[in-house]
Amino acid sequence: MNIYDKGGTSFVGSKVFLTVVSFVFCIFGLFAVYFFEGHVKNDVLGSIDQEFTETQERLKEIVTSSIAESKSDLRFLYSTPPISGLPRAEFNDGIDPYDGTTYNQWKERLETIFIGFMENNLAVEQLRIVAVTAEGKELIRVQRVGASVEAVPDYSLQAKSGEPYFLPSSQLETNQIYMSPLTLNKEFGEVVFPYQPMLRFSIPIFSDKGKRYAFLIMNVNANSLINNLKQTVFDYSELVISSSEGDFVYHPIEEYQFSRDLNPEITWDKVYSQKVQYQGLYTVTSKLNPDLQFYVHSTKVKTRPRNKYGYINFNLLVPEKYVETLINEKREITYSFLAAIGVFTFILLILFYRNATRSQFLAEARREASAIVDGSIDAIVGLNLEGELTSINNTAERLLSISKVTALGKQSKYVEFLSKLPIHNYISDIQSSKSQIKDELSEQFGETTLYYAISVSPVFSEDNNLIGLALVIRDITKEKDAEIKVKRLNTELEAKVRKRTQALAEAKDDAIKHSDIKSAFISNISHELRTPLNGVIGTLNILKREELSDKSRNLVEMMDLSASNLNLLINDILDLSKIEAGKLDLNLKTINLQLLIERLVESSAIRAFDKGLNVYLDTSDLNCENVKTESAQAHPNFK
């Protein structure tokens, strides 16, 4: 019965608490509506002003860092040896007196440096050396041609004395850098299309005696810079970049962009009703469309410190309709606040209930996790950041030979097994990196070695603060023994493979040696056979010129044919040597097949005649008259 009474008391207390909380929040809601209605517009404009101020700072940082980087690159190129070598060679009859380098050699080296630099700096469009003369002749120009970087030949170099940057660049002092206004790139007085917004940086070049020689100028494509500036601006706002003269460098309306070069009549004063201001938000109206009104935040960014007009304006525009939309959204939030309070209160009570339930679940989870840890086959040891044991499981009790009651609060260095581990190193590493650590430990007991794998993990509190670490110790002796056996077997197998490979190599060498001996023998014996055979053929040729009976002449011709066939066989033996050397060439010729068969039969019929036999050849069914054969070279009379 007491239980139910307590439950009823708790329910009534919760209901009263809910009523009081609801009343307080209703009063607070009415006050909030009154307060917000009076300040909502100022809050919205103040928030936009703050966001624009921060955005302007980021825009300034992007521009100043980009300019500083370009100046640093220019100084790097200026510090290269050819920059000082060119005037020395120029003022000493084309030969540098320091090391004998000619003017053309210095020029080629500088062109190589320029090409390598531009290949690694894609924003740089041109690098030039322009002489400080009345003509302003280019001495060196390296530029991009499509996807490649090339040095311009001397006959294509131009005079630049009429360019706006020539006079200020010609008057620079030592180490002083000139930066031109942002304009579109022009070639021969015409704007290059597609448009290339260009910044030019120049630095003077003097001789060793202080005589003005030329200036180094670098053209930097500003497309990447403008894209970075556009991406920095919030989506709800528009960026307008105007120069000190009022022309537009960048504008969301494409036809207004780069108005100095493309449409000089388009300026800030021609487009907007209010001049540029530099204090907070101000409103402007479009002269071309009076229905378009904007809140504007402008800031001046100095790009050329020593130039009175060397600055640009970053103007962030947000449409007035967008501001009104924000104000209406603020009002909706205010008017829905009371309803949200009721939902919030209900959710809060739900959260209280869920929190209590969650605490109960966590307690059960802790008990379950404790049971799992205690039943693990791995030894699990908990330590605090002072190296004291905070928990151990049953396996750890057996491994450390210590009970849980004795272990709690004991320093790890006083536990025999743990004293062999670098516990303090584990703690310092975990504190610095908060990552898991893997380690191993081996112990020798007589002839037996035990191996242990150790995993160290950080332990965090509910607030995600590091409060200790957990050591998981596993016996990996069996795995190590198996690994050692596998390594030993691999070593033995590799030795057998090497031995077998060596034997095969020796057998191959013997086979090659025997093959070479055989080829040499065949070649020698073939040439030796030709000597007596040539004597027989020569004798037959002499005999043919003698007066012989028809039967004797027929026998001599048969002997000549047999000698020719023998010569053919000897040639075939030589061809065998050519086949082995891969140098055999076929010599195909057309022969009379019937005549070939008759000659072969005649040479073979001699033995039949000796035995008193007659040989008859029937070629009536022979349909083929001529054949192609490689052996025809032994029968020159077969046509």
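Here is what the cut-offs are and how they apply
Residues numbered from 1 in each chain as written. Predicted model: local features only at pLDDT ≥ 70, side-chain atom pairs only at ≥ 80, totals over all residues. Heavy atoms only, no water. Pairing = 2+ DSSP bridges. Helix = DSSP H or I, 4+ residues; strand = E, 2+ residues; numbered from the N terminus. Axes fitted to C-alpha atoms, helices over the stretch in contact; angles between N-to-C directions. Contact = heavy atoms within 4.5 Å. Salt bridge = Lys/Arg side-chain N within 4 Å of Asp/Glu carboxyl O. Buried < 20%, exposed > 50% of the residue type's maximum accessible area, 1.4 Å probe, protein only. Core = buried A, V, L, I, M, F, W, Y, C linked by side-chain atoms within 4.5 Å.

A. Molecular detail of the sheet that holds strand β15 (residues 379-384). Taken in spatial order, the five strands make up an open sheet running β16-β15-β19-β18-β17, and their pairing is antiparallel. Looking at strand neighbours, the two that pair on one side only are β16 (389-392) and β17 (437-445), the edges of this open sheet. With direction set aside, neighbouring strand axes in the sheet form an average angle of 25 degrees. With nine bridges connecting them, strand β18 (residues 448-460) and strand β19 (residues 466-475) associate as antiparallel partners. The residue bridging Phe460 from the neighbouring strand is Leu466, located in β19. Packed on one face of the sheet, helix α13 (residues 423-433) meets β15, β17, β18 and β19 and runs near 125 degrees to β19.

B. Structural context of the pairing of β18. Strand direction decides the pairing type here: β17 and β18, joined by nine bridges, are antiparallel. Each residue of the ladder has a partner; that of Gln444, found in β18, is Thr449. In textbook terms, the turn of a hairpin is the stretch between consecutive antiparallel strands, and for β17 and β18 this stretch comprises two residues, one of which, Gly446, has a positive phi near 65 degrees.

C. Structural view of the pattern of salt bridges. Evaluated as defined, the whole model comprises 11 salt bridges. The salt bridge partner of Glu245 is Arg260, with a shortest N-O separation of 3.0 Å. Taken together, the residues Glu245 in the loop between β10 (238-243) and β11 (248-250) and Arg260 in helix α6 (residues 259-262) connect sequence positions 15 residues apart. On the basis of relative accessibility, which here comes to 49%, the residue Glu245 falls in the partly exposed class. Asp269 is paired through a salt bridge with Lys275; the nearest N and O atoms lie 3.4 Å apart. Using a relative accessible area of 55% as the deciding quantity, one classes Lys275 as exposed. Within the structure, one salt-bridge network assembled from shared partners comprises Arg88, Asp96 and Asp208.

D. Quick look at the nonpolar core. Within the largest apolar cluster, 57 residues are counted, with the highest numbers of intra-cluster contacts made by Phe114, Ile129, Phe201, Leu216 and Phe314. Phe201 has contacts with Ile67, Ser70, Lys71, Leu74, Ile177, Tyr178, Met179, Leu216, Ile217, Met218 and Val220, leaving out every residue within four places of it along the chain.

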